[in-house]
Amino acid sequence: MAPKSQKQKSSAGQKKPKWGKTKQTLPDREETEPINMESMGHPEIYPLVLTTQTQEIFNCRIDEDITDEQPYKLIKKEDIFADFQNRAAVSDFYPVKKVIQEYPGDELLVVYDKDFKYGLNFYLIGTEEGKENYLNSPEVPEEQEEYKEHIPEDVYIYKPPISKPWVSLGSEKEIAEELIKESTKQITYMISRKRSEFGAPIKFSDQNASSVKDAYIECTAYPDRQFALKQLEKDVGMQVVPKVKDTSTQTRWTYPKNAITQYYPRELSEEEKETFGQSKPLSDFLNNTCISVEIALQQNEIMNTFIDDWKCLAEEESSFGDKTDTHLKEYQSFTDLHNLTEKMITSVSWHPTIYGLIAVSVAVRLSLEERVHFSGKLLLQPSLILFWSFSDPIHPQLMLESPDDIFCFKFCPSDPNIIAGGCINGQIVMWDITAHADRIENIKTGGSRSKKVTLKPMFLLEPDSNKEATYIRHCAVSSIENGHKKVITDIHWLSDTFEINRLGAVFENRNGICCQLVTCSADCTICFWDIRPQKALTPQLIEKKKEEHIEIPLDVPSTFLHLDLSWKPLTKIRLSKGETSLDHCPTKISLSEDNLLYKAQDKILAQSKAVKAEEMNPYHNLEAGLANHLKPLEDFCTKFFVGTEEGGVIYTDWKMERDPETGRLMTKKPMSLYTIHDGSVHTVQRSPFYKDIILTIGGWNVAIWKEGVMTGPLLQSSCAPKRYTAGHWSLTRPGVFYIGREDGYIDIWDLLEKTHEPALSQNICITMITYIKPWTFSAKQQFIAIADYYGTLHILEIPWTLSHPSTNEVSSMNHYFEREVKHLEYVEERKKIREQEKKEMELELEKTKVKTYQKSKEQLEAELKMDYESYLELEKNTLINLGFLKVKETMSFMDL
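Residues numbered from 1 in each chain as written. Predicted model: local features only at pLDDT ≥ 70, side-chain atom pairs only at ≥ 80, totals over all residues. Heavy atoms only, no water.

**Q** Quick question: what am I supposed to make of the overall build of the protein here?
**A** What the protein contains, in helices and strands, is 21 helices and 37 strands. Among the 896 residues that make up the protein, the fraction classed as buried is 36%. Contacts in the protein between residues at least 24 apart in sequence constitute 62% of all its contacts with a sequence separation of at least 6. Carbon together with sulfur atoms contributes 54% to the accessible area of the protein, which is approximately 61000 Å² in total. (Helix = DSSP H or I, 4+ residues; strand = E, 2+ residues; numbered from the N terminus. Buried < 20%, exposed > 50% of the residue type's maximum accessible area, 1.4 Å probe, protein only. Contact = heavy atoms within 4.5 Å. Areas by Shrake-Rupley, 256 points an atom, 1.4 Å probe, with all protein chains shown as cover.)

Here you go:
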């Protein structure tokens, strides 16, 4: 049978020429050694990625065959070899084929890595000892598990034992004495047979042993009196165990009864009061204790005597921490390996409701002249927004297509499936990914024991499906003629609490969802957009649309079909420079309602659940709220901050006013304009803790402003060694913000520690940082996304000292801002005083000059004569004091 099986194998290899390409790649995979976790102290663990198809083959499906109670599966070695023969290099066990072949046992242990501790969703234990240790491991109490979570990973570093030469200490002699040696000589027997009888047939038969002589020998036992065995040594072990007895006692309350006791105050009679008032011991006691009581009362008013100084000292130390605890730790990185063109990341945004999902927009790294030169090639390359997941750092989960490169985009606060972005050509693009929501919302929490939220694999794609990426086309694009003429640099959703009209007046939102956008562009304009149709659809318009027979692709939702190529801005604002005909070029804007979006995560989750419960999505019926009556909102702040390309910070109003001469609508003049930065402003952001504190970054410096203070910035840093390119406030600490530089470093500012320079600088990459976006995963874990110029997205974990504020940090920062405001007011008052003094001094100089010019000749002679007489008087007194003149001589001297 063996030759036949060999022929079958050889013939099978000849009949399949289509596997020739895979056979060429197999040697490369065999040469690579399996990757284990030796660096983490577990050389027997090999991480694996098991797809859903492999899980079904080996009956190890997540949440079905593998649960939280039994997160492992024993797989036979024969089944894995059969999978190698069926799928060859496509098998998920192929990277550890060498480990499986060398494994001594029959069953291998595969464990589900729920928390991605070793980087992938499964791992294989490659030794029998490791398998036994895992299956027979002692249970750890919950308290110890929670305690282990707080211990940092870098405290204990595993070091393998090093073999040393054996040194004899005399133990081999004891072993030699304990060995059992044979004292009797062994007897040797030789059995021979004739050569002619080799190979002869042998017949066995039964016979009676008693009938044949010498065929049965009985060996009976008998005592030998001449031989005696003496016991020389005996090893005996004993253990003393005390007797333990458990007893308990409990007092039983057999007779409950309700009882009430009332105490009456003891009152003194009038006679007793008089005697006590006139007693000398009482007056002496009061006089002696009066001073100490007054001192104690003063101390209670001055300071809190019950405060724990040691506890406060520990809080201050933990808030600042050691330098080793303040560095950002690399967690993961994303790079689009499938797109070989040189692209940079222009904007980053975390998904508001799905943990572990982040979206980035990419653009080609070309200047304006290079774009014009390579315009033909750029049309063939898709402009995308990539959705990355923590579970798959190589393949993007979704790709949103756009007509041109996206430089800014935002998720809708009311529905995260609605996305708006701004292109380099000035168009606004809208996407609706509701059809793909089920694919990306596979989020589950951990077991009932631990309250910590864990990231599960949201996208485990098959190898065949990975080849075809998921592209999503846009729903609508704004009109090119009526929109921006240059690149859109910033975009914001207006809050769902209000809406504006063409004049900039504020009204109550009729739909109850975010329906309006605001954008700014390099064409010196700020535009407000409304995604709702300008007029309600009448039956005549509906019939007219049906007659047009507009064909919509199947993969494009019709949510914003009414906006496609006809979307116009609701109102346009130009920031005039005043005397000249030129306008300011806005780059970033910050509205007064932006700080509300930081704390709207719970609201987004509630709205997303409500949308799932209802049949109709509110964005699919935008005409419903147009019939409602507009209710104006009073005392609403319509002012906002604008950062310009020239480095200026403008505080202006979006309300329009009519020109008294022409009657045309025009924007109001800016309320304040300060040119603080020496470069283009790329960050204008409100603090998530104070709605009136704004951070602006541009050029080589940073500034912090307070809304309502028109005298200047509260804080202005000195010039940095490298140009700043990105920045963002901390989401949990009021006095911390992050700034990216063009040399790949990130500056971490902590205003409680230093206000004149960054508290820490850390290198992240070798090129320019283009965007910074922090994200709170849980109360114990925070991440920060940092994008660079080469298209790599770095995810770093924020340490405890930079993510957890101290008890009084909010009030301390509030006092700091108040002190800076008072300092600005004092400086402004001193400026006014100095100007007034300067004016008074100038007036006095002018008056003296006028008096000198108006004097006559006689007045001048009289003044000269008075000066001469005063000089003579001074000379006389000086000579008398020196003793050179006497009184008589002075009389004659005066006569002269």
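Now that the structure has been shown, we can carry on.
**Q** Even after reading the chapter, I still don't get unusual backbone geometry, so can you show me in this structure?
**A** In terms of backbone geometry, most residues other than glycine have negative phi values and most peptide bonds are trans. Even without being a glycine, Phe-116 presents a positive backbone phi close to 55°. Structurally, the position occupied by Phe-116 is in the loop between strand S3 (107-112) and strand S4 (122-125). The phi angle at Leu-565 is positive, at roughly 65°, despite the residue not being glycine. The topology assignment puts Leu-565 in the loop between helix H16 (539-548) and strand S20 (571-574).

**Q** Teacher, can you tell me more about the packing of aromatic side chains here?
**A** Between two aromatic rings, the relevant description is the distance of the centres plus the angle of the planes. Overall, the coordinates contain 33 aromatic pairs when judged by the stated rule. Considering the side-chain rings of Phe-498 and Trp-654, the 6.5 Å spacing of their centres and the 10° angle between planes classify their relative orientation as stacked. Here Phe-498 is found in strand S16 (residues 498-500), whereas its partner Trp-654 is found in the loop between strand S23 (648-653) and strand S24 (656-658), with 156 residues between them in sequence. Each member of the pair, Phe-498 as well as Trp-654, is classed as buried. When the centroid spacing of 5.6 Å and the interplanar angle of 45° are considered together, the rings of Tyr-674 and Trp-705 count as tilted. Here Trp-705 lies in strand S29 (residues 701-706) and Tyr-674 lies in strand S26 (residues 672-675), a separation of 31 residues in the sequence. By way of ring pairs, the aromatic residues Tyr-331, Phe-334, Trp-350, Tyr-355, Trp-388, Phe-390, Trp-775, Phe-777 and Phe-783 are connected into one cluster. One Lys or Arg, Lys-97, reaches over the ring of Phe-84 and ends 5.7 Å from the middle of that ring. (Phe/Tyr/Trp six-rings, centres within 6.5 Å; stacked < 30°, edge-to-face > 60°. Lys NZ or Arg CZ within 6 Å of the ring centre and 35° of its normal.)

**Q** I'm lost on the nonpolar core in this one. Help?
**A** As a rule of thumb, nonpolar side chains are buried together in soluble globular proteins. The biggest cluster of nonpolar side chains holds 23 residues, and the ones touching the most others in it are Met-430, Trp-493, Leu-517, Ile-531, Phe-560, Trp-567 and Tyr-619. At the level of elements, strand S11 (418-423), strand S12 (428-432), strand S15 (488-493) and strand S19 (525-530) are the ones that each hand at least two residues to this core. Of all the elements, S15 adds the most residues to this core, at 3 residues. In this view, Ile-531 contacts Met-430, Trp-493, Cys-514, Cys-515, Leu-517, Phe-560, His-562, Leu-563, Trp-567, Tyr-619 and Leu-622; residues no more than four positions away in its chain are not counted. (Core = buried A, V, L, I, M, F, W, Y, C linked by side-chain atoms within 4.5 Å.)

**Q** In this structure, what is going on with a negative patch on the surface? I would like to understand it.
**A** A surface patch of negative charge is lined by Glu-174, Glu-177, Glu-178, Glu-233 and Asp-235. Tracing the sequence through the fold places Glu-174 in helix H8 (residues 171-178). Residue classification places Glu-174 among the exposed positions, given a relative accessible area of 53%. (Patch = residues over 30% accessible without salt bridge, like charges linked within 9 Å, V, L, I, M, F, W, Y side chains within 5 Å. Salt bridge = Lys/Arg side-chain N within 4 Å of Asp/Glu carboxyl O. Lys, Arg positive; Asp, Glu negative; His and termini not counted. Charge placed at Lys NZ, Arg CZ, Asp CG, Glu CD.)

**Q** When you look at the environment of Glu-499 in this model, what are you seeing that I'm missing?
**A** Structurally, Glu-499 is set in strand S16. With sequence-adjacent residues up to four places away left out, Glu-499 is seen in contact with Ala-505, Val-506, Phe-507, Glu-508, Asn-509, Arg-510, Gln-516, Arg-532 and Leu-630. A polar contact of 3.0 Å, which involves the side chain of Glu-499, links it to the backbone nitrogen of Arg-510. Among the polar contacts listed, one links the side chain of Glu-499 to the side chain of Arg-532, at a separation of 2.8 Å. (Polar contact = N/O pair within 3.5 Å; in protein donor to acceptor, adjacent residues only side chain to side chain.)

**Q** What exactly am I supposed to notice about the sheet that holds S15 here?
**A** Within a sheet, neighbouring strands are paired by backbone hydrogen bonds and run either parallel or antiparallel to one another. Spatially, the 4 strands line up as an open sheet ordered S15-S18-S19-S20, and their pairing is antiparallel. One side of each edge strand has no neighbouring strand; the edge strands of this open sheet are S15 and S20. On average, each strand axis in the sheet is tilted by 20° relative to the strand beside it, whichever way the strands run. Relative to S19, strand S18 (residues 516-521) runs antiparallel, the two sharing 5 bridges. (Pairing = 2+ DSSP bridges. Axes fitted to C-alpha atoms, helices over the stretch in contact; angles between N-to-C directions.)

**Q** How do you make sense of empty space enclosed by the protein when you look at a structure like this?
**A** Rolled over the atoms, a probe sized like a water molecule indicates the empty space that remains. In the structure shown here, the tally under the stated rule is 3 cavities of 30 Å³ or more. Computed from the structure, the largest cavity encloses a volume of approximately 80 Å³. Lining of the largest cavity is provided by Phe-641, Val-649, Tyr-651, Ser-672, Tyr-674, Trp-705, Lys-706, Glu-707, Gly-708, Val-709, Met-710 and Gly-712. Of the residues assigned to the lining of the largest cavity, the class counts are 7 nonpolar, 3 polar and 2 charged. (1 Å grid on protein atoms, 1.4 Å probe; cavity = no way out; pocket = protein on both sides within 12 Å on 5 of 7 lines; lining within 4 Å. Points joined across faces, edges and corners; volume = space filled by probe spheres on them. Nonpolar A, V, L, I, M, F, W, Y, C, P; charged D, E, K, R; others polar.)

**Q** Could you clarify how one ought to interpret the side chain of Lys-114 in this entry?
**A** By the element assignment, Lys-114 lies in the loop between S3 and S4. For Lys-114, a relative accessible area of 18% corresponds to the buried category. A polar contact is formed between the side chain of Lys-114 and the side chain of Asp-68, at a distance of 3.4 Å.

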